[in-house]
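Structural characterization, general
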Amino acid sequence: MRAAFGFARSFAYGAILRSSKLMIAVLMTAGVVQAETVTVAALGDSLTAGYGLAQGDGFVPQLEAWLQAQGADVAVINAGVSGDTTAGGLSRVNWTLTPDVDAMIVTLGGNDYLRGLDPGVSRTNLDGILAAGEAAEVGMLLVGLSVGANYGLEYKAAFEGMYPDLAAKYDVPLYADFASGLRAAAGMQEGMSEFMQADNIHPNKEGVAVIVAAIGPTVLDLVQAVE
């Protein structure tokens, strides 16, 4: 009888031990899942690609470094193509959104403006990009642009207005102007020349750092929302 009781007690203890180990394994696995790196694809043009800059000085590597310095476990993919328009972005968004991508930053439209393309066409393209992101169920951030009045005030209003309209349609956060950090810095400097490359279109390393410092908190919010 005593032997039988001892066997039962030993069996029960073993079952509890195995159960405890299983629970620990489950909790550890859950912890690993929670700690997975967030992958962000930055879909854009030369401003995203880092045109004219050394490999580590462009927007994507500087943004990734800034986010990691804030404690974010994040990897930012450079999906920028110099010279790309919103049409180009639309043509490659689906293969940009691979299964490992958790979020997407959309920074397109500058080349549409430089070419004087119809804002209605640009809007349709951006709409398609955001629709693809929504279908892929990734977090998104839409980055707008502030442009000049070269093509008239009506064009300017239509172009700039497509960004808040589309952000509202897809219920995604909007960073109103990619260059807002530079504009703010220029208010304390004698113009933006010290932040620009010789073409006066693309920011230099220091200019990118200013842009990243300004947009960084908004991207960090996106990363944390995905986490």
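In this report, the structure presented in the accompanying data block is examined. Just so we're clear, the structure is a prediction, and the values are computed from it rather than from any experiment.

Observations regarding the overall build of the protein chain
Tallying secondary structure elements over the protein chain gives nine helices and five strands in all. Scanning the protein chain from its N terminus toward the C terminus, one meets helices and strands in the order α-β-α-α-β-α-β-α-α-β-α-β-α-α. In the protein chain, buried positions account for 42% of the 227 residues. The contacts in the protein chain between residues at least 6 apart in sequence include a share of 77% that link residues at least 24 apart.

Remarks on the sheet that holds strand S5 (residues 174-175)
Taken in spatial order, the five strands of this open sheet run S2-S1-S3-S4-S5, and their pairing is parallel. Here the strands that pair on one side only, and so sit at the sheet edges, are strand S2 (74-80) and S5. Pairing of strand S1 (residues 38-44) with strand S3 (residues 103-107), which is carried by five bridges, proceeds in the parallel orientation. Note that in S3 the partner of alanine 41 across the bridge is methionine 104. In this fold helix H7 (residues 153-170) packs onto strand S4 (139-143) and S5, with an angle of close to 165° to the strand it touches most, S4. Packed onto the sheet, helix H9 (residues 205-226) meets S1, S2, S3, S4 and S5 and runs at close to 160° relative to S4.

Digging into unusual backbone geometry
A positive phi angle, close to 60°, is found at glutamate 137, a residue other than glycine. Topologically, glutamate 137 is positioned in the loop between helix H6 (119-135) and S4. With a relative accessible area of 73%, glutamate 137 lands in the exposed category. We note that aspartate 171 has phi near 55°; this positive angle belongs to a residue other than glycine.

Quick notes on the environment of aspartate 199
Looking at the secondary structure, you find aspartate 199 in the loop between helix H8 (180-186) and H9. With 147 residues separating them along the chain, aspartate 199 and glycine 52 place their C-alpha atoms 9.8 Å apart. Polar side-chain contacts of aspartate 199 include one of 2.9 Å to the backbone nitrogen of isoleucine 201.

Describing helix H3 (residues 59-69)
Given 3.6 residues per turn, any residue in an α-helix points the same way as the ones three and four places further on. When H3 is considered as a whole, its buried residues turn out to be Phe59, Val60, Gln62, Leu63 and Leu67. Buried residues of H3 fall within an arc of 165° about the axis and therefore sit on the same side. The elements touched by buried residues of H3 are S1, helix H2 (46-49), S2, S3 and H9. Taken from the residues just after H3, glycine 71 is the one with a positive phi, measuring 95°.

Quick look at the nonpolar core
One broad trend across soluble globular proteins is that nonpolar side chains are buried collectively. If you look at the biggest cluster of nonpolar residues, it comprises 56 residues, and the most contacted ones within it are Phe59, Leu67 and Met104. When sequence neighbours within four positions are dropped, the list of residues in contact with phenylalanine 59 reads Leu47, Thr48, Phe178, Val208, Ile211, Val212 and Ile215.

Concerning the packing of aromatic side chains
Overall, the coordinates contain seven aromatic pairs when judged by the stated rule. Centroid distance phenylalanine 159 to tyrosine 163: 6.0 Å. Interplanar angle 70°. Geometry classified as edge-to-face. Remark: tyrosine 163 and phenylalanine 159 occur in helix H7; sequence separation between them is four residues, near one turn of the helix. Neither phenylalanine 159 nor tyrosine 163 differs from the other in exposure class; each is buried.

Quick look at the packing of H6 against H7
Two numbers describe how H6 lies on H7: the axes approach to 10 Å, and their chain directions differ by 20°. Between H6 and H7, the interaxial angle falls into the category roughly parallel. Crossing of H6 over H7 shows right-handed handedness. When H6 is examined against H7, the residues Pro119, Ser122, Arg123, Leu126, Asp127, Leu130, Ala131 and Glu134 are found in contact with a partner set consisting of Tyr155, Ala158, Phe159, Gly161, Met162, Tyr163, Asp165, Leu166, Lys169 and Tyr170. For the contact of H6 with H7, the per-class residue count stands at eleven nonpolar, two polar and five charged.

Calculation criteria
Residues numbered from 1 in each chain as written. Predicted model: local features only at pLDDT ≥ 70, side-chain atom pairs only at ≥ 80, totals over all residues. Heavy atoms only, no water. Helix = DSSP H or I, 4+ residues; strand = E, 2+ residues; numbered from the N terminus. Buried < 20%, exposed > 50% of the residue type's maximum accessible area, 1.4 Å probe, protein only. Contact = heavy atoms within 4.5 Å. Pairing = 2+ DSSP bridges. Axes fitted to C-alpha atoms, helices over the stretch in contact; angles between N-to-C directions. Polar contact = N/O pair within 3.5 Å; in protein donor to acceptor, adjacent residues only side chain to side chain. Arc of directions from axis to C-beta. Core = buried A, V, L, I, M, F, W, Y, C linked by side-chain atoms within 4.5 Å. Phe/Tyr/Trp six-rings, centres within 6.5 Å; stacked < 30°, edge-to-face > 60°. Parallel < 35°, antiparallel > 145°, perpendicular 65-115°, else oblique. Left-handed = near helix turned anticlockwise from the far one by under 90°. Nonpolar A, V, L, I, M, F, W, Y, C, P; charged D, E, K, R; others polar.

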